[in-house]
There are 8 protein chains.
Amino acid sequence: MTENKLKELLEGVYARKISPEEALNQIKKLSYEELGFAKIDHHRALRQGFPEVIFGPGKTKDQILTICRRLYAAGSTVLVTRTTEEVFQAICAELPSAQFNPLARTIVIPAGEIPPTGGKVTVLSAGTADLPVAEEAAVTAEVMGNEVERIYDVGVAGLHRLLDQMDKVREADVIIVVAGMEGALASVVAGMVSQPVIAVPTSVGYGASFGGLAALLTMLNSCAIGVGVVNIDNGFGAAALATAITRRKR
Amino acid sequence: MTENKLKELLEGVYARKISPEEALNQIKKLSYEELGFAKIDHHRALRQGFPEVIFGPGKTKDQILTICRRLYAAGSTVLVTRTTEEVFQAICAELPSAQFNPLARTIVIPAGEIPPTGGKVTVLSAGTADLPVAEEAAVTAEVMGNEVERIYDVGVAGLHRLLDQMDKVREADVIIVVAGMEGALASVVAGMVSQPVIAVPTSVGYGASFGGLAALLTMLNSCAIGVGVVNIDNGFGAAALATAITRRKR
Amino acid sequence: MTENKLKELLEGVYARKISPEEALNQIKKLSYEELGFAKIDHHRALRQGFPEVIFGPGKTKDQILTICRRLYAAGSTVLVTRTTEEVFQAICAELPSAQFNPLARTIVIPAGEIPPTGGKVTVLSAGTADLPVAEEAAVTAEVMGNEVERIYDVGVAGLHRLLDQMDKVREADVIIVVAGMEGALASVVAGMVSQPVIAVPTSVGYGASFGGLAALLTMLNSCAIGVGVVNIDNGFGAAALATAITRRKR
Amino acid sequence: MTENKLKELLEGVYARKISPEEALNQIKKLSYEELGFAKIDHHRALRQGFPEVIFGPGKTKDQILTICRRLYAAGSTVLVTRTTEEVFQAICAELPSAQFNPLARTIVIPAGEIPPTGGKVTVLSAGTADLPVAEEAAVTAEVMGNEVERIYDVGVAGLHRLLDQMDKVREADVIIVVAGMEGALASVVAGMVSQPVIAVPTSVGYGASFGGLAALLTMLNSCAIGVGVVNIDNGFGAAALATAITRRKR
Amino acid sequence: MTENKLKELLEGVYARKISPEEALNQIKKLSYEELGFAKIDHHRALRQGFPEVIFGPGKTKDQILTICRRLYAAGSTVLVTRTTEEVFQAICAELPSAQFNPLARTIVIPAGEIPPTGGKVTVLSAGTADLPVAEEAAVTAEVMGNEVERIYDVGVAGLHRLLDQMDKVREADVIIVVAGMEGALASVVAGMVSQPVIAVPTSVGYGASFGGLAALLTMLNSCAIGVGVVNIDNGFGAAALATAITRRKR
Amino acid sequence: MTENKLKELLEGVYARKISPEEALNQIKKLSYEELGFAKIDHHRALRQGFPEVIFGPGKTKDQILTICRRLYAAGSTVLVTRTTEEVFQAICAELPSAQFNPLARTIVIPAGEIPPTGGKVTVLSAGTADLPVAEEAAVTAEVMGNEVERIYDVGVAGLHRLLDQMDKVREADVIIVVAGMEGALASVVAGMVSQPVIAVPTSVGYGASFGGLAALLTMLNSCAIGVGVVNIDNGFGAAALATAITRRKR
Amino acid sequence: MTENKLKELLEGVYARKISPEEALNQIKKLSYEELGFAKIDHHRALRQGFPEVIFGPGKTKDQILTICRRLYAAGSTVLVTRTTEEVFQAICAELPSAQFNPLARTIVIPAGEIPPTGGKVTVLSAGTADLPVAEEAAVTAEVMGNEVERIYDVGVAGLHRLLDQMDKVREADVIIVVAGMEGALASVVAGMVSQPVIAVPTSVGYGASFGGLAALLTMLNSCAIGVGVVNIDNGFGAAALATAITRRKR
Amino acid sequence: MTENKLKELLEGVYARKISPEEALNQIKKLSYEELGFAKIDHHRALRQGFPEVIFGPGKTKDQILTICRRLYAAGSTVLVTRTTEEVFQAICAELPSAQFNPLARTIVIPAGEIPPTGGKVTVLSAGTADLPVAEEAAVTAEVMGNEVERIYDVGVAGLHRLLDQMDKVREADVIIVVAGMEGALASVVAGMVSQPVIAVPTSVGYGASFGGLAALLTMLNSCAIGVGVVNIDNGFGAAALATAITRRKR
């Protein structure tokens, strides 16, 4: 249930087109829906500004399809993350407006309801191998109503590539920095801007990167200020935090 | 050098009261100042919205005093973190407007220049032992121009204490959650609000808390969205990130 | 050898239907049985209230079948955990009363001997991906004689889903909380009840969850009281501990 | 507020000696008390069967004294853990019934209100250096209404010392096993009993014990069933869980 | 080059059947042999009492075959560990006396030269899943000239199974204890015997066993004396150490 | 852009064959090239003495081919590391001078431009399984203009094999030591030479080698002096550092 | 109770000088002695060849004194490890034959009962800072009846110092190698001898030695055979294992 | 024994002023000197280009003094690292030319024998708290014959401070980068130069810096090439490696 839907309902009550009892029922019924294996949280958009998002891993194709169907029926834009082409085919057969982004591994089923935040989110990535995480962030930020700028492959090994882009970077409201290996890009960017920087360590690397731990620790220990860190490879979470910030702007 | 100072200088040039050469000199000279053991970064306020902050550990009393003196002379509000009563006595003898907060372990020397962000930062803490970190965050957020609300001792072991305060929590622009032990407070709060949540794990705990690692991992793995994490015990960093967000609002 | 079987034997001796020598032999022979690759512990039910359970991984299909055959022949209810459809087919061909639960990955061959504990075990899970572990706990608790209630998908990101169920939760004798990612559910539940809470971290998550380590540390550091933790993904162990508690009730 | 106190209040309302408004006020006021630095949770006894316990580390002597005073005034038995002789002197000056156990590092101020659980908790320890943790568990279990048996220095390096005591061990309702170094005692005991075993790893050891990590991992990986683990050195938590179990028996 | 071979050579010189120059050449040539990708260490038997052993992983089938051929040609008994059926087929085609043990994953090509140590090595294992490591130890100990006794599936969860075998265990010169999960068996055995105990942690387990780390730490922290630990799953290394001990006996 | 190319351009300007504007354009355009998914850093050879190297993992075959094509077109020798036969086939079809080294997993497309450093790099490896990393180092060092000597299979378990080669080792300008398992070779070699030693831990090993962590820590803690460590399995990085050193010699 | 004492008792029974009842009583009473805080294990010498040893840390001066008194009274040689001058003064006042070794931090109270093992234990140490651990091993090995040779400061950074001593090293029955930092000495020695090598990692080092973890992992991953590892800094344990081996020799 | 000393000796033999026997004796005797607790390695200067350096921790004042005396007597420049004012006083009383650097915590006793390497080593540090490690590197590099440039407080949080110094940085033969916290400085510098970069992580930081682990991992995972890493806080080791490189230049 989005804020708009609730407002509509309350105005209906005010206009005496809907009885209080019926309104109560609708609100209650829409609060969450029991699927047995899951409880869809229809009030999440009200509480958090965006409907429940479906995290793909650990769910069967049928479970994902069922949740999509219910969320879509409730009028929500649907976002599935870390999913596959195969899941997309299944969803698409039933909900043909679904869109798949193979690099970001996301499915989006638009419902036209997410209002623009008016904010601009810029996504920087350090290397080519960080792209899937960067794209997950970019797609999520777009679907949540942000203008998104992508600036990729600007790792600190070739600092001039980054310095060339800093004017563009400074136009952002929030900057998402996606980097694996040693993850130094977040500190370097944060030292040059006054915007909030959301740092996403990636599992890109080998040996002593220990699956992204090196980049994670780098980002947590940043000597530059204004950096908040999310989980390794969590492009979605970075975009969600960015949106919580850009919505503030209104 | 703050944005105001630079504006003043440029207006002086425009009004032909200052020659371009002199202006150039002043800007250059103010960029950073070489102290031998340190290079004071006078442009940081321009780049990042707040002057360089002095992190106490690893610096001698004399080094801290020298940096305070220069920053203060340059017209900046001075903030020293993780410091001691003894350092305060030394600073106070020379700069009597200095203020010491023994719980937060901070020294502030106000210069009246930080403009209000217009934002409200609410600091929640889980337990009594988390107070030093929470107060460091609160003092920093205040000195950076935010309205600050403190809500302490609302850990999840007594959830009703938190639920009672949620209306007040929702008035914030940014929420800082300070918690040690298992650090679950960040997830629980983030699940109930739409504002950005900055999570600060603390080293409070024993045994398998491993110096704050348990709370850190909890916060990084939060199942709720809109959470950015800073380093263990980093109350200052949380407030700096919060300010980067509240300044966005203007 | 269950307590009932031993009692029967001793009553036979008392009634002079069985000679002491024969009784001794039967007890000795039933103590454990040498299979070469394994020693079946037939006295475990006597010592611990439930026959030896077969942990599937690292055993061949033939080894599992052989142990099932012997345990079943000794009159025990058989439980195989972490097993597969393929192993089930092999067992079913010989012991057709075997039942397979694909979600829990368990095989049960009932022997009708486990007396009810009279206790109620409630299994909570945080997310859909935690279901296999939650079901392993639920199936084990049932086969060990408990009444079992399942309450799934009540993670702290949508706290109202949990609060709605708390009345039902409070009816339990023991509560098993199954959660991955940050594992905060255990603390939140334990803070609201007076029953013992058995916390099962799961390996669900990614990045800094480090295969369940994050949830494990969260649960060990719980600020709420009354929480005992078992190994990551150890649904079986949680149910066995729960049964040790519910049997106490009698 | 204990269950007895609430019952009294409600019976007063039923008997029309207390007005509903006044009862409401008393319940609300007693829910938690704001001390500025802490919120005393007066309803914890209602929710969890024992009043809030004061964990000493990270609190000043004055903070501890203030909380003791309020809890005692509210009619609760007070327990302070991980405290010192010095704190005890301060409390004793004001509340002379306070008792100090230097080995367990606990202060108890009895209020005569904790009803017996009717259960027996047996505390085993592996070595002499584990005694402070074992005593913390024993004192807590006693003050929470259990009969307590102490069996100390029965580590697995001299198995006959343990085997000699097994008959006594089997009389317990719940067994707490306290062990550092390799922590093998928990598995060995759990393999011989049917009662729930609460395992407390201690930080006793050196080198690769890594502050109790070795014992913690041993206990979590126990091949014997019926074992729940609490945090390293958490004698208090073990006793609280034991009490949650023994209260079940009634 | 074994000690016998060298003795023969020197006796040939003494008897003037071999010239000193030729003897020198043979000794030198036999010291190590350059294969390009490897240098076969033909003197290892002289220095360490057993020829170089071929550790399978990371070597191609052809590389293993080449090394086998040279070692065999030099008169050494050949042992290949952690190998596969497929490698065996290739070796067997050329060296038909080769023997494969699928459980231990070893190939042995006997050369009849290893003299008996006169010692007895007893291999204990905790569970069925530990068998491959236990068998690797047993096969290695046999091929190195020891009498070997296997006692399997005597984990501490059923202590009576172990106690039953202790008389047999005490007949050993060296005891190898192979255990995964919590690895407590090593401490328990070492507490009951005076022989040296070689502890082999295995990677058997899940969750917080962290690939054998839990068992490894348990064994290193053993409170019983007389325990030496080898690497996780290193059955071969345990047997080699055992042989270094039993050879001492002569 | 290599140093030679830039020199040519500037001489063209000096000789008035190229206008300053055109020269500026060429330098700028050649600085880096935007491919969308990557920014090729054409100035790297100028800054670091060798063109950008293509790290294979995480890049598609098409991405690698595109980058090869551009680098080759810009006149650079191309090096692809951690690649496969399949990628080689694709490149070879278009750029037939490409060479594949299956052991090192490298592709080299020579452009004849790398001047000899005049230095000699000697690569030592401890065991046969370390060869892929050692070969990656050797191939990289060759393609960067060094004379390369390979000395393989000289691990410390057979010290005489190493001592035999020490005269040859001492002829090197830089020594690269590649070792997995316990990685002791680096310390032993560094204790006997005065040249800089670059230590490359490998992930060869099992159990407590923890993917190369054991060798990494060994090398970082070397008691011998003159040792610099690179990431686990980073043969390429070792050779690049060696080349930075040998180029110094000129 | 030592083997000799028991033999004497049994011969007394055989000779009818002691009644069976009295013998039984004496054996039972001497099995272990209850001190309240500890259970002295008087049968340990029988089971393990040496009386219980007192590990100092975590025990009060009075507790240590009490245990010494009882062990001494029972006729055992007493060994206290990791103790202090202060404890020694207290013991010496009562048991003047006590000897303190300040480097090894040991107290020995000889009782003249430990028979020589006939074996020779050689203790090697890598650096000067490893001496306390090396001396703890040497003192323990002496008091347990071994001939002990000390060869100190032979770390691999100066290999010639070690090679010079190898002839002496090869005379040992068992070799104990004590090394911190990277711990490579164990592998190097083990590669040159056929005796069992007991490796003792020490916590000597800094930074990435992580309190001895680096040396521990090095020793566990040794590529040389015949190495058994004990806990970090566990000189006592190494000597006890060495003695278990040398006693075998008889 | 330095190279010069040896040359002198051999020339004496050639000139028939010294008999071969005497020369042999002197070389042998000077090889290493037995102090009981240590073996001074007088040949290290021959093998490694600089005499043995005394690492202070874990050695008594007397031990350090003894080693200084012998090294000085042998004509070597003496360097003591990680030492104290107190040790300096003791040395100075006997060897008055000793110099103490309190920031670097080093003592130098010059002997005028170290020839200049002709190389220039530039030491960069990120923050004020990194100075002790940076100074240890600088003092060591000077005493080993290098020209040393210090550029301090150029951390990436204020990138302009670093960029301003890059021309000076590029004049170095070897660059040592000393940085704690996130350690990003090493990658940023290495991306801009072609010289070898020696990265020294420091333990400066808190929380998730884990005693320097964060900076260490950052440096090992550097995306820029030409970086070799030494142990945490190992300023000495960095300078020794730098000297191994600059000596190459000759």
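Residues numbered from 1 in each chain as written. Chains lettered and ligands numbered in written order. Predicted model: local features only at pLDDT ≥ 70, side-chain atom pairs only at ≥ 80, totals over all residues. Heavy atoms only, no water.

Draft legend 1. Seen up close, the interface of chain B and chain A. Taken together, the 30 residues of chain B in the interface contact 30 residues of chain A. Here chain B packs against chain A, burying approximately 2700 Å² in sum over the two surfaces, 55% of which is carbon and sulfur. Scanning the region where chain B abuts chain A turns up zero salt bridges. Viewed at the interface, chain A and chain B are joined by five residue pairs in polar contact (both at pLDDT 80 or more). Looking at the side of chain B that touches chain A, the elements that each hand over two or more residues are α3 (44-48), α10 (213-220), β11 (227-229) and α11 (235-248) of chain B. The element best represented in the side of chain B that touches chain A is α11(B), accounting for seven residues. (Contact = heavy atoms within 4.5 Å. Buried area = accessible area lost by both parts, 1.4 Å probe. Salt bridge = Lys/Arg side-chain N within 4 Å of Asp/Glu carboxyl O. Polar contact = N/O pair within 3.5 Å; in protein donor to acceptor, adjacent residues only side chain to side chain. Helix = DSSP H or I, 4+ residues; strand = E, 2+ residues; numbered from the N terminus.)

Draft legend 2. Layout of the relation of the copies chain B and chain A. With an RMSD of 0.1 Å, chain B superimposes on chain A once it is rotated by 180 degrees and translated 0.0 Å along the axis. The transformation just described matches what one would write down for a two-fold rotation axis. Looking at the interface residues of chain B, 100% of them are also at the interface in chain A, so both copies use one shared face. (Least-squares fit on C-alpha atoms with pLDDT ≥ 70 in both.)

Draft legend 3. Molecular detail of the pairing of strand β4 (residues 78-81) of chain G. All names here are of chain G. Alternating residues of β4 divide into V78 and V80 and L79 and T81, and every residue in both groups is buried. Where strand β3 (residues 54-55) and β4 come together, two bridges link them in parallel fashion. In the sheet register, I54 faces β4, and the bridge partner there is V80. Viewed along the sheet, the connection from β3 through helix α4 (residues 61-73) into β4 turns out right-handed. When β4 meets strand β6 (residues 106-109), the two strands line up antiparallel, connected through three bridges. The partner of L79 across the bridge, within β6, is V108. (Buried < 20%, exposed > 50% of the residue type's maximum accessible area, 1.4 Å probe, protein only. Pairing = 2+ DSSP bridges. Right-handed = clockwise from strand over helix to strand, strands pointing away.)

Draft legend 4. Layout of the interface of chain F and chain A. Taken together, the contact pairs 22 residues of chain F with 16 residues of chain A. Of the roughly 1500 Å² buried where chain F meets chain A, counting both sides, 54% is carbon and sulfur surface. One can count zero salt bridges joining chain F with chain A. Applying the counting criterion to the chain F and chain A interface returns three residue pairs in polar contact (both at pLDDT 80 or more). When residues of the side of chain F that touches chain A are traced back to their parent elements, those giving at least two are β2 (39-41), α3 (44-48) and α9 (213-220) of chain F. For the side of chain F that touches chain A, the class distribution of residues is eight nonpolar, six polar and eight charged. (Nonpolar A, V, L, I, M, F, W, Y, C, P; charged D, E, K, R; others polar.)

Draft legend 5. Examining the relation of the copies chain F and chain A more closely. In screw terms, the move from chain F to chain A is a rotation of 90 degrees and a rise of 0.0 Å along the axis, fitting with an RMSD of 0.0 Å. As the rotation angle and translation indicate, the two copies are arranged about a four-fold axis. Minimal C-alpha separation from the rotation axis in chain F is found for F:F210, amounting to 7.2 Å.

Draft legend 6. Molecular detail of the sheet that holds strand β6 (residues 106-109) of chain E. All names here are of chain E. Spatially, the four strands line up as an open sheet ordered β3-β4-β6-β5, and their pairing is mixed. What marks the edges here is a single partner per strand, and that holds for β3 (54-55) and β5 (99-101). Of the pairings in the sheet, the one linking β5 to β6 comprises three bridges and is antiparallel in character. Residue pairing across strands places F100 opposite I107, the latter belonging to β6. Set on the sheet, helix α4 (residues 61-73) makes contact with β3, β4 (78-81) and β6; between it and β4 the angle comes to about 155 degrees. (Axes fitted to C-alpha atoms, helices over the stretch in contact; angles between N-to-C directions.)

Draft legend 7. Highlighting the UniProt feature "transmembrane region" (unreviewed entry) in chain A. All names here are of chain A. Here the UniProt feature "transmembrane region" (unreviewed entry) sits at residues 174-193 and 213-245. Strand forms 30% of residues 174-193 and helix 30%; the C-alpha atoms that close the span are 10 Å apart. Helix makes up 58% of residues 213-245 and strand 9%, and the two end C-alpha atoms of the span are 26 Å apart. (UniProt positions renumbered as here; feature names shortened; annotations may be inferred.)

Draft legend 8. Examining the packing of helix α4 (residues 61-73) of chain H against helix α5 (residues 85-94) of chain H more closely. Residues and elements named next belong to chain H. Contact geometry for α4 and α5: axes closest at 10 Å, N-to-C directions at 40 degrees. As the angle between them shows, α4 and α5 are arranged oblique. As for how α4 packs across α5, the hand of that crossing is right-handed. Facing α4, whose interface residues are K61, I64, L65, C68 and R69, α5 presents E86, V87, A90, I91 and E94. Residues belonging to the contact of α4 with α5 are distributed by class as follows: six nonpolar, no polar and four charged. (Parallel < 35°, antiparallel > 145°, perpendicular 65-115°, else oblique. Left-handed = near helix turned anticlockwise from the far one by under 90°.)

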